[in-house]
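Notes for the structure review
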Amino acid sequence: MAETPILEVEDLARYFDVSRPWLQRVLAGEGKRTLRAVDGISFAIPRGTTLSLVGESGCGKSTVARLVVGLYPPSKGRVVFEGMDLERARAIAEQRRRMQMIFQDPYASLNPRWRVKDIVAEPIRAFGMTPGAAAQQAKVAELLTQVGLSPLDGEKFPHEFSGGQRQRISIARALSSNPDFLVCDEPTSALDVSVQAQILNLMKDLQARLGLTYLFISHNLAVVRQVSDRIGVMYLGRLVELAPAETLFTTPRHPYTRALMEAIPDLEMTGRQRIPVGGEVPSPISPPSGCPFHPRCPLVNDRCKAERPALIPARAMKQGLTACHAVEEGRDGGVPAAQRIGTTATAL
Amino acid sequence: MAPLLEVRDLRVEFPTRRGVLTALDGVSFSIAPGEVLGVVGESGAGKSMTGAAIIGLLEPPGRIAGGQILLNGKRIDNLRYEQMRRIRGREIGAIFQDPLTTLNPLYTVGEQLVETIQTHLGLDGAEARKRAIGWLEMVGIPAAAQRVDSYPHEFSGGMRQRVVIALALCAEPKLIVADEPTTALDVSIQAQVIALLKGLARDKGTSMMLVTHDMGVIAETADRVAVMYAGRIAETGPVREVVKHPKHPYSAGLMASIPPLDRKVEHLAQIDGAMPRLSAIPRGCAFNPRCPEVFARCLVERPVLLATGATEAACWLYDAASEKHAPEAMPHG
Amino acid sequence: MAAVARMLDSDLFWSFRRSPVTVISAVVALICILGAVLAPLLAPHDPFDVATLNLIDAFKPPAWAAEGDAAYPLGSDDQGRDVLSAIMYGARVSLLVGFCAVLFSMVVGVSVGLLAGYAGGVVDGVLMRVADIQLTFPSILIALLVDGIARAALPSEVHERVALFVVIFAIGISAWPQFARTVRGSTLVERNKEYVLAARVIGISQLRIMLTHVLPNVLGPVLVIATLGLSNAIISEATLSYLGAGVPQTQPSLGTLIRIGNDFLFSGEWWIAIFPGIALIAMVLSVNLLGDWLRDALNPRLR
């Protein structure tokens, strides 16, 4: 574990100016409005592992994905790739080739006017990796085979494929520059379940075979459990809990994490009444003071409303970080017994 | 008990320039009073189209080309638009995935509720408004008496879907067709909306057809479930049976490919391939190219729904006349 | 062969065949274009060959009239020129100016729109304000202005030589904002699509992304505007020529012919103005109808 992580993120933040146009703003007499999409988060991803970020829409997880590959410059903090500041790393083709991204929407992530072979070969050409048309063709064929498509599919256009097949093409494109680090932004959420399983299996196989490191973004806790080594739970632009996958699922500590798990409809729960979390996610333009979860939290007190909790080792746990005053003070009833999820619940 | 809704051998076609596509082919099911039927399937399976056919809102050029839809024993599939409009709202309420398409942005939610209540129940303005506020309270909108005069855009996504539910329920229909009512919502909001729908259906004795791709939502809400594939019903039965002991190889594969929340599995079960396009539905059983149990008969003869245990599956495995024996029930849980 | 077969099987061709109005428009447009392009081969006379002109042949009515002459199917004008031949040669000029003007405004408009939409920010603001300002002037006014400036600034013999280009520029420059606005709108949508992000993650240069990824995906609506723009350009040219500000006298376009015929309209020789007018209407209307069909056929929501 002494090895340096492939990716480190330190106090990363990204703010967006969502003010109305200047003239309207002046006429209405309002100030500038800032959306704090990501508001000071830190994590590291060791080589060959998967870190997942989960959260509901608007929690900033996709913004993190885009910050990490340099699509947005950070407003604060920094991203360190292989010990090198991201901006410097991205300026070097050899470093840039080592990070790739897979997107959510298989219908928008492939240029509809390009043939599949050109889509897959784009990174190869951009990095001048395989000179010669014949060698390139062979490489594309190999990549298509690797993701479970036929080399003949290269001649087709994206619209001739189903959603799952398109996602395979996306993966082939991402793999074509021999990357070490893949950012996967909701890679299966636009897919049907049976196809989702295909893609998740493929991604796991590829990780095992090629030693890839993943940053996996998802809103689906069950999917995240299948692929992750560690999981970060995000709420309103902040990490509220960061723990090894098994620890998070067996002993979730943050009240939001627990609420999320409670809320998920589980197949085994046929007939059981769930306890929904009250309230809705507040707007990230005017987030609540103190802990962002406090308006919905059952354990809220005055300190939660005033003071922002830091992400610190959770009390009475060997592993895992939690940003919660209640956990820190032991007001949460201590380490929960195995959560009542899944099979244990059907016994009722 | 006589069913509230009965769909018999429904066939929906889309004429295109490359020939007529059959989007629904021989779909039959019924919903008893007070029952919640879940209709589940992957995109393109025809589940939303079934709902649209029932409420008479098939998108042109789609058309009902065969079969019957009966509400309380009366045919509603051949009604004219005006007649159907009266049934929609009064007898069948509809909830769609995107609440914004259901709500008129130019009117307050109160005006929309009052209009529906007045049209269908014939109450006077003051009484209708009182009812409208009552419905908003019932679907859990805080400060309903004030919010009743707000416009749809002033509500958040989850609250808007509650308004849509109130709008679908306020004329006290006997049947609700809910098409992906929670898909656009976040998990934590989803749970609230499901709990609400379920509670209201139970309290009012309303029947519901719940169309969704989310097996978890079905498992939690429905009494019975129909699994659709390529415009046909693959399996139908009590929700617990279909979830725990699916008989049709497609439903079995579908259940197994859902990632479990309570454990990590090394390799998720997957169904290879993809659902066929409507223009290329294979002969015999539509699932035959992807089916692990496929045998000769499946390639030529289209299976009918066959009773097997507590469920019915459209699979030749369960016909004694077939040369093949039933596989073991899926080990699950 | 395969390409032809694919075209005949395409959705576009299918929707074309299903609309009789469109088919008729296409036939009319094709006749106009062929007649114009092949005028030197098809026209019965060469109206610019002064040697063949004879004042005795002047003011001949159309062939079917009592005093008509079969050699002048649509009659002749005050100089003894064959009206049909003059129309064919005039349509040549009208079409040439129209095509070139559209091409010019398309190149300018697409470049500006692509740049504005992709770069965004200040670049977008400045370019689009320029377009807005230009759109507040009627296009014919801009064309007259350009023409006037060119006439004043250039010595007359130079102007005579470049007059055609001046007209093309004058008409083209007034139409680019339409292209720019449309392309900018589509570019704003495309640039945030994930295939563009994927190219950015790889580190493809912005110019290359604009040209190879975004451009091919924003060209659909451009085709429609170009078709509709063609009929507008032809009308603009006719208007300018009618007002005497257009193409030089030595190369009369349909507008010029109508102006010349105008003088005789009420003295009995109606055919000199009316036939060029009908040709102009047929050309513009057919191109317009084709454009309307193309717009509907390429709009996925109307399919």
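All of these numbers come straight from a predicted model, not from anything done at the bench.

So, about the sheet that holds strand 5 (residues 84-85) of chain A. Residue and element names in this part refer to chain A. Pairing within the open sheet is antiparallel, and its four strands lie in the order 2-1-4-5. With partners counted over all chains shown, the strands left at the sheet margins are strand 2 (34-45) and strand 5, one partner each. Here strand 1 (residues 7-17) pairs with strand 2 via nine bridges, running antiparallel. Each bridged residue has a counterpart across the sheet, and for R14 the counterpart in strand 2 is V38.

Throughout the structure, instances matching the rule amount to 47 salt bridges over all chains. Close ionic contact of R98(A) with E82(A) constitutes a salt bridge, the shortest N to O distance being 2.3 Å. Highlighted residues: R98(A) in the loop between helix 4 (93-96) and strand 6 (99-102) and E82(A) in the loop between strand 4 (76-81) and strand 5, separated in sequence by 16 residues. Taking the shortest distance from any N to any O, the salt bridge between E307(A) and R303(A) comes out at 3.2 Å. For R303(A), a relative accessible area of 25% puts it in the partly exposed group. Linked through salt bridges whose partners overlap, the residues forming this network are R11(B), E13(B), D25(B), R63(B), R232(B) and R302(B).

Another aspect to go through is unusual backbone geometry. P60(B) connects to P61(B) through a cis peptide bond whose omega is 5°. For P61(B), the position within the fold is in the loop between helix 1 (47-54) and strand 4 (63-71). Even without being glycine, N178(A) reaches a positive phi, approximately 50°. With respect to the secondary-structure elements, N178(A) resides in the loop between helix 7 (163-175) and strand 7 (181-185). Positive phi outside glycine occurs at D9(B), with the angle close to 50°.

Moving on, we come to the nonpolar core. Residues and elements named next belong to chain B. Within the largest apolar cluster, 104 residues are counted, with the highest numbers of intra-cluster contacts made by F29 and I54. Broken down by element, this core gets its largest block of residues, eight residues, from helix 7 (residues 157-169). Look past the residues within four positions of F29 in its chain and what remains in contact with it is L5, E6, V7, L37, T50, I54, M209 and I233.

Parameters and conventions
- Residues numbered from 1 in each chain as written.
- Chains lettered and ligands numbered in written order.
- Predicted model: local features only at pLDDT ≥ 70, side-chain atom pairs only at ≥ 80, totals over all residues.
- Heavy atoms only, no water.
- Pairing = 2+ DSSP bridges.
- Helix = DSSP H or I, 4+ residues; strand = E, 2+ residues; numbered from the N terminus.
- Salt bridge = Lys/Arg side-chain N within 4 Å of Asp/Glu carboxyl O.
- Buried < 20%, exposed > 50% of the residue type's maximum accessible area, 1.4 Å probe, protein only.
- Core = buried A, V, L, I, M, F, W, Y, C linked by side-chain atoms within 4.5 Å.
- Contact = heavy atoms within 4.5 Å.

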